[in-house]
Amino acid sequence: MSKIKAAAIQMKCSTNHKESLLHAEEMVREAAANGANVILLPELFEREYFCQQRRYDFYQYAKTVEENKAVQMGKRLAKELQVVLPISFYEKDVNNLYNSVACIDADGTLLGVYRKTHIPDDHYYQEKFYFTPGDTGFKAFKTRYGTIGIGICWDQWFPETARSMALLGAEILLYPTAIGSEPILECDSMPHWRRVMQGHAAANLMPVIAANRIGTETVEPCEGNGGQTSALNFYGSSFIADETGELISEASRNQEEILYSEFDLAELAQKRLEWGLFRDRRPKMYGIIAGKK
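All figures in this text were calculated on a predicted structure; none of them were measured in a lab. In every chain, residue numbers begin from 1 and rise along the written sequence. Only residues with pLDDT of at least 70 get local features here, since the model is predicted, and only at 80 or more are side-chain atom pairs given and counted; chain-wide, interface and lining totals rely on the full set of residues. For side-chain calculations, the full set of non-hydrogen atoms in the structure is used, while hydrogens and water are omitted.

**Details of the packing of helix α3 (residues 159–167) against helix α4 (residues 190–204)**
(1) Moving on: The interhelical angle for the contact between α3 and α4, taken along N-to-C directions, is 35°, at an axis separation of 10 Å. Our pair here, α3 against α4, has a crossing hand that is right-handed. Residues P159, A162, R163 and A166 of α3 form the contact with α4, whose own contacting residues are H200, A203 and N204.
(2) Moving on: Here the contact of α3 with α4 is composed, by residue class, of four nonpolar, two polar and one charged. Angles here are taken between N-to-C directions and fall from 0 to 180 degrees, while the axes themselves are lines fitted to C-alpha atoms, restricted in helices to the stretch in contact. Secondary structure follows DSSP: runs of H or I at least 4 residues long count as helices, runs of E at least 2 residues long count as strands, and numbering of each begins at the N terminus. Should the near helix be turned anticlockwise from the far one by less than a right angle, the crossing is left-handed, and should it be turned clockwise, the crossing is right-handed. Here, residues are in contact when the closest pair of their heavy atoms is within 4.5 Å. As a working rule, the residues Ala, Val, Leu, Ile, Met, Phe, Trp, Tyr, Cys and Pro are called nonpolar, Asp, Glu, Lys and Arg charged, and the rest polar, with Gly in that last group.

This is the structure:
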């Protein structure tokens, strides 16, 4: 199948796990009803962004890919609606915990899991407390509707992630994310966040889709978090960029929305050949990227 219709879901996430899952299902169904066959939800959409605070009891949120309720929902919906659903979830694998995506094909089959490679550690984005750096390597999943590469949030800042997925055969790049205010840095990172991914689209001549959450999420002091009080305002601004990096669909900062765009993957493959960017790569000259001098 050459032509696809992709959707990016921008949503508010609840502290109530069941409510978040039900809401996510409603929005997936709406996207599918509007013809989308590759549908992207935000990062860790099952609940609030728990990484804003450090609490040992939050480790219990991690489940195996077989046990996780969001993955189970994704399998059911993908099969019923005949859509591809990457599902972001908190994964437990024996003694390690990962920030992962389960890629589910349009027949409900689990194609595999990608584990987030780059783990941030900043004020109120305290992911190193919860996640082991991913060990899967980058992935490109061959789905019914095309080959998709999936990075997760902080991965989106690294051109190596996008290039690696492109070299693995990805035809479109997807980034589920959870990003908002920077209370300590006191800057608006949104334009920078968008531009870096627009660059990935342009450099690899393939569309990029980013799905973010919205809303202000607050932390109340308790014994478990050492008396922390904080708040993050997630700024939405989900978008779809075409193969030149141009924004062709973008969401607001504070409203729930579903973005849609259609692509002809065969046409895009031809453009990558015509431009010659992959032909003219010089991998032997790039050792510095892998730490070689």
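**Description of the sheet that holds strand β13 (residues 247–250)**
(1) Moving on: One requirement defines pairing of two strands: DSSP has to find at least two bridges between them. Read from one edge to the other, the open sheet built from six strands follows the order β6-β7-β8-β9-β12-β13, with strand pairing classed as mixed. The sheet is open, and its two edges are formed by β6 (140–143) and β13, each paired on a single side. In this sheet, adjacent strand axes meet at a mean angle of 20° when their direction is disregarded.

**Focus on the sheet that holds strand β5 (residues 110–115)**
(1) Moving on: Spatially, β3-β4-β5 is the arrangement adopted by the three strands of the open sheet, whose pairing is antiparallel. Single-partner strands in this sheet number two, and they are β3 (85–93) and β5. If you compare each strand with its neighbour and ignore which way they point, the axes differ by 30° on average.
(2) Moving on: Running over the sheet, helix α2 (residues 69–81) touches β3, β4 (96–104) and β5 and is turned about 150° from β3.

**What to know about the nonpolar core**
Looking at soluble globular proteins, one finds that nonpolar side chains tend to be buried together.
(1) Moving on: We define the nonpolar core as a collection of buried residues of types Ala, Val, Leu, Ile, Met, Phe, Trp, Tyr and Cys that are connected through side-chain atoms lying within 4.5 Å of one another. Exposure categories follow from relative accessible area, calculated using a 1.4 Å probe and restricted to protein chains: below 20% of the type maximum is buried, above 50% is exposed, and the middle band is partly exposed. By size, the foremost hydrophobic cluster in this structure holds 28 residues, and its most contacted members are I9, M11, I39, L41, F45, L85 and I87.
(2) Moving on: Residue assignment for this core shows that the elements contributing at least two residues are β1 (3–12), α1 (17–33), α2, β3 and β4.
(3) Moving on: Broken down by element, the residue count for this core peaks at six residues, all from α1.
(4) Moving on: Each residue touching I39, except ones within four places of it in the same chain, is listed here: A7, I9, V28, A31, A32, V83, V84, L85 and P86.
(5) Moving on: The next biggest cluster of nonpolar side chains, apart from the first, holds 26 residues, and it includes V38, I148, L174 and A211.

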